[in-house]
Amino acid sequence: MAPKRKVPHTFVIVFFLIILAAIATWIIPGGKYIETQTVVGCTEHTQSVFNYTENHPQTWQIFSALFEGFVDKSDIIIFILLIGGSFWIMNDSKALDVGILAFLRKTRRFERYKIIRKLGTDNIIITTIMLVFSVFGAVFGMSEETIAFIIILVPMSISMGYDSITGVSMVFVAAGLGFAGAILNPFTIGIAQGLSGLPLFSGIEYRMFCWFVINLVGILWILRYAQKVKKNPKSSLVYNDDKYWRERESSDTENLNYYTPKSAWFTYGIILSVLVVLSFILPFTKISIGATDSALCEVETGENCTISKTLKNIESNENISVKVLVSAKEVGKQSDTLIIGDVQIGKTLEFQLLPIIQTDSVLAFAKSNPERYREKLRVRTLSKNSENEVQIEGSALKYADSMQVIVLVTYKKTGSIVEIPIIKQFDTSTPVSFQIKTTHQGTGASATLPILPISALLFAVLGFLSLKKSVHYFIIILLLFTIIFLIVGVMGYAWYVMEIATLFLVMGISSGIAISKTADEITKLFLEGVKDILSAAMIVGLAGGIIMVLQHGQIIDTILYGLSQSMKDVGNIASVSIMYVIQTAINLVLPSGSAKAALTMPIMAPFSDLIGISRQATVMAFQLGDGFTNMITPTSGVLIAVLGVAKIPYEKWFKWVLPFIIVMVLIGFLLLIPTVTMKLNGF
């Protein structure tokens, strides 16, 4: 009998993929899409033009890519380490074990009802949890946030008689199904439709139908698998790997000492005090579903001409900073950036470029000493009656009879910049006036609610009642409110991994204090948790190296260009299918939805006009192609992190998930056909 071939370690597999990516940079020529913007009349035209560039074959960079991958994915790596350390502190109290046991006991009581027995209590639990996370994926693009829930739901899955794959499916796969369905996801649908010139979240009716079909197929697949594992646990691919979780789960929670130390009451008082103070500072929270507010910035350049751009994620009462760049047309010498002033959303800012005084002696000096000459262009802000100057570089004035203007609008809160290329030529001997108008635009559904005051009241009541029972139940309440604040933070305050990691760190420290741990003991527990989860964090950085090699080799755009050329002279169904294949293929190497939208939609949207396909169908091809393969590609930092936390080897996950991905990709293809064969609202 031949010896069983040993599967390489996940680190080895990912490093081998880095080597393959480097080899590809020697074979595939370098290329880059260059975005050009022109203004004809009052209409701005944006076009992405592909150009072959100098090849950048990667050699020793396969090693430096590891460092760059860690830098690029540093936020997720730190997030994982903080989550691991925080939950290790919480787990020391056995509160999660108590909570899972109590939850399963309560759900078993429902089995006395015939309809519940027929449907299966476990089936209802799995379906409900998956639908919740699918909605989160569809509405606000939950992705990195799933990592924290793996530590909760994998042990619960083991306690229910399933395996770690079932636990991961309840969270990560469910969010992935929602991400593919993407009803109101601002990070994929919002960006893709914005870049395609479509109304935000148009075509929502058909996308809701797609979300329903995707979840129906996906959840039924997971339920079928879960039942198979429950009947025969050893049939699971990860049965031996789950020994880690079974040993943790086998701790004797029945004989736990239920108690409530004074430190738990102290923790309760501190947290409640903080929540009360925050309730006065932030009495109302605006919860946005689908998208946050935006503003339309319009620049009137005279001659009945207005150029406009949309600023994303802006509150209606915020200020934006307006700057101006002026450059000489023929030389291309750019002036310094001049800050004109701030303008509040809903207001108007007027400014004027004043004449440059060009005396004969000044012009003679400029022509004879072009590199030493410096000129000042004056800008007057009419609304404030103030005047500033901006320096023009070098020999710009030599040709300064023809200048052009670019207005930069910067949102201070995020530092994001919107460039409005007016490209207005003006005579430097006469003043030119401009107006910047900002109009508030609300998109998506939103509601302003007293969430923090209500949360403080609920915490006061539930925290008190839980402490009357034991500190274990109080820590469960801490976890519950951590999840609540996570959702509120993401949907109300645009939180990302830094804020979420901080929230869980506070939860972990609070749990340690509640069970009377000293500062040294809490630190020791935290470091043990970091050590336990370190390999999961490291593999994220390692996987990030694949992207670094492909980017430095400049072959991602070349691959996209080659694939897009295959869509010429084919039918509508074939064209949209090729678009779907392109997006799916690109997602294997570039799993970031927003980055992929920025890369592909400026190319695909105009191309769809040429071949007679609606831009909405192109967005659907992007949406579906962006969703499913996130659950299998090793370049996805989130997937690698999830598997690392769940202790599932990548090769076993790949073997399990591949048939599922094939089925879902086929479902996606079938859902695309009506977008080019039927008259659908918004298409």
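Owing to the predicted nature of the structure, the values given are computational and were not obtained by experimental measurement.

Reading the values: rules and limits
Residues numbered from 1 in each chain as written. Predicted model: local features only at pLDDT ≥ 70, side-chain atom pairs only at ≥ 80, totals over all residues. Heavy atoms only, no water. Helix = DSSP H or I, 4+ residues; strand = E, 2+ residues; numbered from the N terminus. Contact = heavy atoms within 4.5 Å. Areas by Shrake-Rupley, 256 points an atom, 1.4 Å probe, with all protein chains shown as cover. Phe/Tyr/Trp six-rings, centres within 6.5 Å; stacked < 30°, edge-to-face > 60°. Buried < 20%, exposed > 50% of the residue type's maximum accessible area, 1.4 Å probe, protein only. Lys NZ or Arg CZ within 6 Å of the ring centre and 35° of its normal. Polar contact = N/O pair within 3.5 Å; in protein donor to acceptor, adjacent residues only side chain to side chain. Expected span 1.5 Å × (residues − 1). Bend = angle between axes of the 7 residues up to and from the residue. Core = buried A, V, L, I, M, F, W, Y, C linked by side-chain atoms within 4.5 Å. Salt bridge = Lys/Arg side-chain N within 4 Å of Asp/Glu carboxyl O. Axes fitted to C-alpha atoms, helices over the stretch in contact; angles between N-to-C directions. Parallel < 35°, antiparallel > 145°, perpendicular 65-115°, else oblique. Nonpolar A, V, L, I, M, F, W, Y, C, P; charged D, E, K, R; others polar. Patch = residues over 30% accessible without salt bridge, like charges linked within 9 Å, V, L, I, M, F, W, Y side chains within 5 Å. pLDDT = per-residue confidence, 0-100.

S.K.: Would you take a moment to explain the overall build of the protein for this structure?
M.R.: Each helix and strand in the protein was counted, giving 24 helices and 14 strands. Within the protein, contacts between residues at least 6 apart in sequence are counted, and of these 75% link residues at least 24 apart. Split by element, the accessible area of the protein, about 30900 Å² in all, is 62% carbon and sulfur.

S.K.: Before we go on, may I ask you to explain the packing of aromatic side chains in this structure?
M.R.: Two aromatic rings, taken as a pair, are described by how far apart their centres are and by the angle between their planes. Going through the model one piece at a time under the given rule, you end up with 19 aromatic pairs. On the basis of an interplanar angle of 90 degrees and a centroid distance of 5.4 Å, the ring pair of phenylalanine 459 and phenylalanine 481 is categorised as edge-to-face. One end of the pair, phenylalanine 459, is in helix H14 (residues 451–469); the other, phenylalanine 481, is in helix H15 (residues 471–493), with 22 residues separating them in the sequence. With 6.3 Å between their ring centres and 25 degrees between their planes, tryptophan 656 and phenylalanine 660 make a pair best called stacked. Of this pair, tryptophan 656 and phenylalanine 660 both sit in helix H23 (residues 650–672), separated by four residues, roughly a single helical turn. Phenylalanine 660 shares its class with tryptophan 656; the two are buried. A network of ring pairs unites the aromatic residues Trp265, Tyr268, Phe459, Phe464, Phe474, Phe481 and Phe485 as a single cluster. A cation over a ring is seen here: arginine 246 above tyrosine 239, with NZ or CZ 4.2 Å from the ring centre.

S.K.: I would appreciate a short explanation of the side chain of serine 511 in the present structure.
M.R.: Structurally, serine 511 is set in helix H16 (residues 497–514). Its relative accessible area of 0% is what places serine 511 among the buried residues. Engagement of the side chain of serine 511 in a polar contact is seen with the backbone oxygen of methionine 507, the distance being 2.8 Å. Beyond its immediate stretch of four places on either side in the chain, serine 511 contacts Met90, Ile475 and Leu478.

S.K.: Help me understand the environment of glycine 508, please; the structure alone is not making it clear to me.
M.R.: As for its position among the elements, glycine 508 is in helix H16. A sequence separation of 417 residues divides glycine 508 from asparagine 91, and the C-alpha atoms of the two residues are 9.2 Å apart. Leave out the neighbours within four places in its chain, and glycine 508 touches Ser86 and Ile89.

S.K.: Please clarify how helix H7 (residues 146–159) should be interpreted in this entry.
M.R.: The α-helix winds at 3.6 residues per turn, so residues separated by three or four positions along the chain end up facing the same way. Taking 1.5 Å per residue, 14 residues should reach 20 Å; H7 reaches 20 Å between its end C-alpha atoms and fits that length. At isoleucine 152, H7 shows its largest kink, close to 30 degrees, and the proline proline 155 lies no more than four residues downstream. Buried residues dominate H7, accounting for 13 of its 14 residues. One or two residues past the end of H7 sits glycine 161, with phi positive at roughly 100 degrees.

S.K.: Can you walk me through the nonpolar core in this structure?
M.R.: Looking at soluble globular proteins, one finds that nonpolar side chains tend to be buried together. Counting residues in each nonpolar core, the largest one holds 146 residues, and the members touching the most others are Ile80, Phe87, Phe133, Ile147, Val168, Phe459 and Trp653. With 16 residues, helix H17 (residues 519–552) is the single largest residue contributor to this core. With residues near it in sequence (within four places) discarded, isoleucine 147 still touches Ile76, Phe79, Ile80, Val638, Ala641, Val642 and Val645. Residues Ala182, Leu184, Ala192 and Ala597 belong to the second largest nonpolar core, which totals 13 residues.

S.K.: Please explain the pattern of salt bridges as it appears in this structure.
M.R.: Applying the stated criterion across every chain, the model contains four salt bridges. Of the charged contacts in the structure, one is a salt bridge between aspartate 92 and lysine 517, with a shortest N-O distance of 3.2 Å. Of the two residues, aspartate 92 sits in the loop between helix H3 (74–91) and helix H4 (95–109) while lysine 517 sits in the loop between H16 and H17, which places them 425 residues apart along the sequence. You can call aspartate 92 partly exposed: its relative accessible area is 34%. A relative accessible area of 27% means that lysine 517 is categorised as partly exposed. Between lysine 647 and aspartate 532 there is a salt bridge whose closest N-O contact spans 3.5 Å. In this pair, lysine 647 is assigned in the loop between helix H22 (637–646) and H23 and aspartate 532 in helix H17, connecting sequence segments 115 residues apart.

S.K.: What exactly am I supposed to notice about the packing of helix H21 (residues 615–627) against H23 here?
M.R.: The relative placement of two packed helices is expressed as an angle between their axes plus a distance between the axes. Direction vectors running N to C along H21 and H23 enclose 170 degrees, while the axes themselves pass 10 Å from each other. Our classification of the angle between H21 and H23 gives roughly antiparallel. Contact residues: H21 offers Ala617, Met620, Ala621 and Leu624, while H23 offers Gly668, Leu671 and Leu672. Residue composition of the contact of H21 with H23, by class: six nonpolar, one polar and no charged.

S.K.: I'm lost on unusual backbone geometry in this one. Help?
M.R.: Most peptide bonds adopt trans geometry, and most residues besides glycine take a negative phi value. If you check the backbone angles, alanine 182 has positive phi at about 40 degrees while not being a glycine. Its location among the elements puts alanine 182 in the loop between helix H8 (164–181) and helix H9 (186–195). Despite not being glycine, lysine 647 shows a phi value in the positive range, around 60 degrees. The class for lysine 647 is partly exposed, based on a relative accessible area of 22%.

S.K.: I keep staring at a nonpolar patch on the surface and nothing clicks. Help me out?
M.R.: A contiguous nonpolar surface patch, about 850 Å² in accessible area, is contributed by Trp265, Ile454, Leu457, Leu458, Val461, Leu462, Phe464, Leu465, Leu480 and Ile484. If you list the elements that add at least two residues to the nonpolar patch, you get H14 and H15. Examining the composition of the nonpolar patch, we find that seven residues originate from one element, H14, more than from any other. We classify valine 461 as partly exposed; its relative accessible area is 44%.

S.K.: It is not clear to me how the environment of serine 74 should be interpreted in this structure. Could you clarify?
M.R.: When you line up the elements, serine 74 lands in helix H3. For the pair serine 74 and methionine 538, spaced 464 residues apart in sequence, the C-alpha separation works out to 9.9 Å.

S.K.: Explain the confidence of the model for the protein here, please?
M.R.: Do not read the predicted coordinates in detail wherever pLDDT is low. Predicted confidence across the protein gives a mean pLDDT of 77, with 70% of residues reaching 70 or more. Taking the mean pLDDT of every element in the protein, the minimum, 52, falls on strand S10 (residues 386–392) and the maximum, 94, on helix H12 (residues 262–281). Considering only residues more than four positions removed or in separate chains, one finds that residues 328–336, a stretch of pLDDT under 50, has 29 contacts. The low-confidence segment residues 392–400 (pLDDT under 50) makes 29 contacts with residues lying over four places distant or belonging to another chain.

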